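In case you want the letters, here they are:
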Amino acid sequence: MTCQFCKQKDATVHLTQIVENEVKKVDLCENCAKEKGVNDPAGFSLADLLLGLGASQQIDEAGDAKGGGLRCVRCGYTQADFKKSGRLGCSDCYDVFADGLDPLLKPMHKGIRHKGKVPGSLRRATDLNQQLLTLEKDLQGAIAREDFEQAAQLRDQLKVVRTSAKT
Amino acid sequence: MNIIEFLISPAEASKRSGPNDRIVFSSRVRLARNLKSYPFPGHAKKADRIKAYEILFPAIRALPQMGPEAFAESLEKLTALDKQILVERHLVSREHAAKGAGSGLILNREETLSVMINEEDHLRMQSLRPGLQLRQAWLAIDAVDSDLETRLDISFSDKYGYLTACPTNLGTGIRVSAMLHLPGLVLGEQINQIIQAVNKLGLAVRGLYGEGTEALGNIFQVSNQMTLGESENEIVERINKVLLQLVEHEENARQSLLEKKPKILLNSIGRAYGVLANAHTIQSKETMNQLSLLRLGVDIGLFGQTPKALVDELFLISQPAHLQLNHPDREKLAAEDRDIYRADMLRERMKSVPSPQEPAAPPSEAPV
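Parameters and conventions
- Residues numbered from 1 in each chain as written.
- Chains lettered and ligands numbered in written order.
- Predicted model: local features only at pLDDT ≥ 70, side-chain atom pairs only at ≥ 80, totals over all residues.
- Heavy atoms only, no water.
- Helix = DSSP H or I, 4+ residues; strand = E, 2+ residues; numbered from the N terminus.
- Rg over C-alpha atoms; globule rule 2.2 N^0.38 Å.
- Buried < 20%, exposed > 50% of the residue type's maximum accessible area, 1.4 Å probe, protein only.
- Contact = heavy atoms within 4.5 Å.
- Areas by Shrake-Rupley, 256 points an atom, 1.4 Å probe, with all protein chains shown as cover.
- Lys, Arg positive; Asp, Glu negative; His and termini not counted.
- Charge placed at Lys NZ, Arg CZ, Asp CG, Glu CD.
- Axes fitted to C-alpha atoms, helices over the stretch in contact; angles between N-to-C directions.
- Parallel < 35°, antiparallel > 145°, perpendicular 65-115°, else oblique.
- Nonpolar A, V, L, I, M, F, W, Y, C, P; charged D, E, K, R; others polar.
- Core = buried A, V, L, I, M, F, W, Y, C linked by side-chain atoms within 4.5 Å.
- Buried area = accessible area lost by both parts, 1.4 Å probe.
- Salt bridge = Lys/Arg side-chain N within 4 Å of Asp/Glu carboxyl O.
- Polar contact = N/O pair within 3.5 Å; in protein donor to acceptor, adjacent residues only side chain to side chain.
- Pairing = 2+ DSSP bridges.
- pLDDT = per-residue confidence, 0-100.
- 1 Å grid on protein atoms, 1.4 Å probe; cavity = no way out; pocket = protein on both sides within 12 Å on 5 of 7 lines; lining within 4 Å.
- Points joined across faces, edges and corners; volume = space filled by probe spheres on them.

S.K.: Could you clarify how one ought to interpret the overall build of chain B in this entry?
M.R.: For chain B, the count of helices and strands is 14 helices and ten strands. Computed over the C-alpha atoms, the radius of gyration of chain B is 22 Å, within 12% of the 21 Å expected from 2.2 N^0.38 for a compact globule of 368 residues. Across the 368 residues in chain B, those meeting the buried criterion constitute 61%. Once local pairs closer than 6 in sequence are excluded, the contacts in chain B between residues at least 24 apart make up 72%. Accessible surface, chain B as shown: approximately 14800 Å² in total, 51% of it carbon and sulfur. In chain B, 43 side chains carry a positive charge and 46 a negative one; their mean positions are 2 Å apart.

S.K.: Looking at this structure, how should I read the overall build of chain A?
M.R.: In terms of helices and strands, chain A carries seven helices and two strands. In sequence order, chain A lays out its α and β elements as β-β-α-α-α-α-α-α-α.

S.K.: What is the right way to look at the packing of helix H11 (residues 284–299) of chain B against helix H12 (residues 308–317) of chain B in this model?
M.R.: Residue and element names in this part refer to chain B. Direction vectors running N to C along H11 and H12 enclose 170°, while the axes themselves pass 9 Å from each other. By the angle between their axes, H11 is roughly antiparallel relative to H12. Residues Met 288, Leu 291, Ser 292, Leu 294, Arg 295, Val 298 and Asp 299 of H11 pack against Lys 308, Val 311, Asp 312, Leu 314 and Phe 315 of H12. Per-class residue counts for the contact of H11 with H12 are seven nonpolar, one polar and four charged.

S.K.: Would you mind going over the nonpolar core with me for this structure?
M.R.: If you look at the biggest cluster of nonpolar residues, it comprises 56 residues, and the most contacted ones within it are Ile 60, Ile 117, Leu 123 and Leu 243 of chain B. Here this core takes eight residues from helix H9 (residues 232–260) of chain B, the largest share from any one element.

S.K.: I tried to follow the interface of chain A and chain B on my own but got confused; where do I start?
M.R.: Where interface size is given, it is often the accessible area lost as the parts come together that is meant. The interface is formed by 46 residues belonging to chain A together with 50 residues belonging to chain B. Contact with chain B buries surface across chain A, with Tyr 94, His 114 and Lys 117 of chain A losing the most and accounting together for 18% of the total. Here chain A and chain B share six salt bridges between them. Ionic pairing is found between Asp 145 of chain B and Lys 117 of chain A, a salt bridge with its closest N-O pair at 2.7 Å. At the junction of chain A with chain B, the criterion picks out 23 residue pairs in polar contact (both at pLDDT 80 or more). Those elements giving two or more residues to the side of chain A that touches chain B turn out to be strand E1 (13–19), helix H2 (46–65), helix H5 (98–105) and helix H6 (120–144) of chain A. Looking at the side of chain A that touches chain B element by element, the count peaks at five residues for H6 of chain A. Its residues assigned to classes, the side of chain A that touches chain B shows 21 nonpolar, 15 polar and ten charged.

S.K.: Would you mind going over the sheet that holds strand E8 (residues 174–181) of chain B with me for this structure?
M.R.: Within a sheet, neighbouring strands are paired by backbone hydrogen bonds and run either parallel or antiparallel to one another. Residue and element names in this part refer to chain B. In space, the eight strands of this open sheet follow the order E2-E3-E4-E5-E1-E8-E10-E9, with antiparallel pairing throughout. Looking along the sheet, the strands with just one partner apiece sit at the ends: strand E2 (71–74) and strand E9 (203–207). The mean angle between the axes of side-by-side strands here comes to 15°, regardless of whether they run parallel or antiparallel. Bridge count between E2 and strand E3 (residues 104–107): four bridges; the pairing is antiparallel. Residue pairing across strands places Glu 73 opposite Leu 105, the latter belonging to E3.

S.K.: In this structure, what is going on with the pattern of salt bridges? I would like to understand it.
M.R.: Oppositely charged side chains may form a pair once their charged atoms are brought near each other. Following the criterion strictly, the structure yields 33 salt bridges over all chains and no others. Its salt-bridge partner being Arg 238 of chain B, residue Glu 230 of chain B comes within 2.8 Å of it at the nearest N-O pair. Here Asp 344 of chain B makes a salt bridge to Arg 347 of chain B, at a shortest N to O gap of 3.1 Å. With Asp 344 of chain B and Arg 347 of chain B both in helix H14 (residues 335–350) and three residues apart, the pair spans about one turn of that helix. Among the ionic contacts, a cluster of salt bridges with common partners joins Arg 87 of chain A together with Glu 119, Glu 120, Asp 121 and Arg 124 of chain B.

S.K.: When you look at the side chain of Ser 27 of chain B in this model, what are you seeing that I'm missing?
M.R.: Residue and element names in this part refer to chain B. Considering the arrangement of structural elements, one finds Ser 27 in strand E1 (residues 24–33). Within the local environment of Ser 27, its side chain forms a polar contact with the backbone nitrogen of Gln 133, the two atoms lying 2.9 Å apart. Excluding its chain neighbours within four sequence positions, the residues that come into contact with Ser 27 are Ser 127, Leu 128, Arg 129, Gly 131, Leu 132, Gln 133, Leu 134, Ser 177 and Ala 178.

S.K.: Explain the confidence of the model for chain B here, please?
M.R.: In regions of low pLDDT, the predicted coordinates are not meant to be interpreted in detail. Of all residues in chain B, 95% have pLDDT values of 70 or greater, and the mean over the chain is 92. As scored by the predictor, the complex reaches a pTM of 0.81 and an ipTM of 0.82.

S.K.: What should I look at first to understand empty space enclosed by the protein in this one?
M.R.: To find leftover empty space, one rolls a probe the size of a water molecule over the atoms. Residue and element names in this part refer to chain B. With the rule as written, the count across this model stands at four cavities of 30 Å³ or more. A volume near 680 Å³ is recorded for the largest cavity. What lines the largest cavity is a set of 28 residues, among which Arg 16, Phe 25, Ser 26, Arg 89 and His 90 lie closest to the centre. Its residues assigned to classes, the lining of the largest cavity comprises 13 nonpolar, five polar and ten charged. Empty space within the second largest cavity amounts to approximately 50 Å³. Among the elements of the structure, helix H8 (191–200) and strand E10 (219–224) are those that each provide at least two residues to the lining of the second largest cavity. Here the lining of the second largest cavity gets four residues from one element, more than from any other, and that element is H8. The residue makeup of the lining of the second largest cavity, split by class, is nine nonpolar, no polar and no charged.

What follows is the structure, encoded as structure tokens:
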């Protein structure tokens, strides 16, 4: 069995974890294990490794769809950096690499939208955004049902929320 | 300020107590946060890292929760031994201990709040409590975080929540964990089954020093892996529920060993006592495993009035850096010398522990 990372040396380190009822196995050679921090147990979480695994392909696919070689304008982080480390360079990177992220986050987390604490200064804005999202969804539903009376009402509500979101 | 002098002594630290501390050593809740305008520490150039540090350090230092007596220092001011001591106390991560200039640590007097600056994220803030107190730990760190966000421009996205260097921490940036002592489940050979069940719930089970390590001293760390798409309260409550069940399973396993396999149990504990009280050289790994059995013996009342705190102190001061610290000349001990010194220390301290007694109400003898 060859190492899943360098695909050259024999894999001597084998890890198994159950993620979403699926058994995931990772086989590494000693060098790659060391590089990934597998032999430094405190610093190692298999999720990092899994992120690196299926992830590199997804990162490339998403990047290539945009012409390849994505690069964060602000911090200079590249698609290759992301692939190599499984980490991002700065807050803006989350926009730059957005397309590759969702499929990556899905198996890793419970959902792909944040739930929970919001900084106080943003709480009002976030509430409004949530309202907008819900209203837009309802509006589309109403249009699909051809319930135009309701659609008109929702459209008016949307207008109000949009105006207050801008202030 | 000298960190060694600052830290609560191992004897005092081991006396801290909390709910369910027969089985749960400690609870911890950690939050990862980043500044909006600076690259994450792993990618930042030195100048940016230092700029971020200079914003973060005074802001954390000024937190009311840190108080006037906090320890606050750049990591370059700490020696390798200082850092190793902090790791053994679980006050900083191993990754953080490897850092130097541009990274720092701020720790409150009570050692219940520790903030690492420029670890993998700009801030890794953790709240620590003895025993099973996840909710309290969460509320404490939540308050710190809310205070801090009025002083700092924290990176947050509507969709992804708190942005972190690694996507595995995205969203809440929360890591909720507890350190458990599970000798009953290990001796009863139920532990693998339990670990699998806990894994299925999306929780990680690690050894004392993390994934892939043996659970030295039957000590396990349980923590959440998912941070996005679930609120902090949901995560805390979910883990809390699992931990309460683990505590129950462990108590049942101990009871069942006492009833069904008393000789095996008493034999293991008695031998552990013999080794700890009489060895002339002993490695760290064996020490941890024997101390685990000693603690189990104390828990089920085989060692009279011996306090649990004594065993917990021995757990701590048997660790390599703590051992080295107590050595008269503090020079780097060679591994063999350390094993001899460890055994000397244990023999001395074990003098206060009476030899194990049969349980008060002897269980009916089952054939072994």
